[in-house]
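# Close look at the chain arrangement
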Amino acid sequence: MPAALEAVHLALEGYRRAGFAPGEGAILTNLALHHGQRGRMRHALGWQQEGIANARSLGQPISLGRGLNMAGLIHSYLGELDQALACTTEAIETYVRAGHHSFVISPRINRVIAHHALGRYEEALADGTEELRLCHSHRQQHSEAGAHEILVRVHRDTGRLDLAGTHAGQALRRARETGDPANETDCLITLAGLHRLHGRSDRAVECLEEALRITHRCDFRHQEADAHTQLAAGDTDLASHHGDRAPAIARALELRPAEHRALTALAAVARTTGATRAEAEHTARSLRIHEETGYRPSPADVPAPAGTPDGTGR
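It should be emphasised that the depicted structure is a prediction, and the values quoted were computed from it without experimental measurement.

To continue, consider the overall build of the protein. When you go through the protein residue by residue, the secondary structure sums to 16 helices and zero strands. Principal-axis analysis of the C-alpha atoms gives the protein an extent of 65 × 40 × 35 Å. Buried residues in the protein amount to 53% of all 314 residues. Across the protein, the fraction of contacts at a sequence separation of at least 24, relative to all contacts at a separation of at least 6, is 58%. Summed over its atoms, the accessible surface of the protein is roughly 13700 Å², and 51% of this surface lies on carbon and sulfur atoms. Of the charged side chains in the protein, 35 are positive and 39 negative, and the gap between their average positions amounts to 2 Å.

Structural data, given as structure tokens:
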């Protein structure tokens, strides 16, 4: 265990021995954030659920809303989309009841992610438009990158590539201005998918390679899986190098939607190379994930064989 993480656990033990519940709650949230940023979503969810129980017992709406919001995002990564909607909706309601209206921006963004993953584009667009309005009205610049990035996906998947492109540029610019590497990585991966749809494969690869550099530097394993997926799907020459990494990372971290995207990309690669049996296996496994989670892949998720201009989305 790294020294810094060990110190956090020691602090948690100290707060528990002293019976200081507010301090314990803060540590639980930090542990959830630490594991979540590194893709260890099951560990993160366990810590976050403890944090939610702590906040409920203390009657702390800000801590409760923050915990529910983070749990909602984790559920989305794990493919537990109904739970994601329930948690983010409760987070929004908790903040509104407490009068903290600017705090609803983040859970709205995360609720859009869940709606989008379920293919509920009308609900996603409504939530996404409102959270961007709130970003502007409350001057929440640090949230704008995430707000724009998810709207890129919604507009892309509803056929508004012009609006998707506008939001993509704004998302990446704001992520870099606020110095948020996690948001920057998401924006680069989403922008890469958009470049692929327009037939700009070289620019897509540049974005994905930059995204991978950030994931390696910051240990963002869940985003690394999606970057490898797109690199594998976009070029058959890269498929063998990146193709095995994406599903392996996703399976190890139980990231069901990310695994679905990886399997869909691998099925397209197999189709291109004439590997009929591999294509059938990848397709069957991705279908099983859809049936078990309700996850609906983006229409941009490898709609054509690898090596064609269409590429992948998220």
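Summed over the entire model, instances satisfying the criterion amount to two aromatic pairs. Pairing Tyr-15 with Phe-20 gives two aromatic rings, centres 5.6 Å apart and planes at 45°, and the pair type is tilted. The class of Tyr-15 is partly exposed, set by a relative accessible area of 30%. Look at Tyr-95 and Phe-103: their rings are 5.3 Å apart centre to centre, the planes differ by 70°, and that puts the pair in the edge-to-face class. Owing to a relative accessible area of 5%, Tyr-95 belongs among the buried residues under this scheme.

Of all residues in the protein, 93% have pLDDT values of 70 or greater, and the mean over the chain is 90. Averaged pLDDT values for the elements of the protein fall to 71 in helix α13 (residues 236-243) and rise to 98 in helix α5 (residues 81-98). Note on residues 303-309: pLDDT is under 50 here. Beyond four places in sequence and across chains, it has 20 contacts.

Conventions we followed
Residues numbered from 1 in each chain as written. Predicted model: local features only at pLDDT ≥ 70, side-chain atom pairs only at ≥ 80, totals over all residues. Heavy atoms only, no water. Helix = DSSP H or I, 4+ residues; strand = E, 2+ residues; numbered from the N terminus. Buried < 20%, exposed > 50% of the residue type's maximum accessible area, 1.4 Å probe, protein only. Contact = heavy atoms within 4.5 Å. Areas by Shrake-Rupley, 256 points an atom, 1.4 Å probe, with all protein chains shown as cover. Lys, Arg positive; Asp, Glu negative; His and termini not counted. Charge placed at Lys NZ, Arg CZ, Asp CG, Glu CD. Phe/Tyr/Trp six-rings, centres within 6.5 Å; stacked < 30°, edge-to-face > 60°. pLDDT = per-residue confidence, 0-100.

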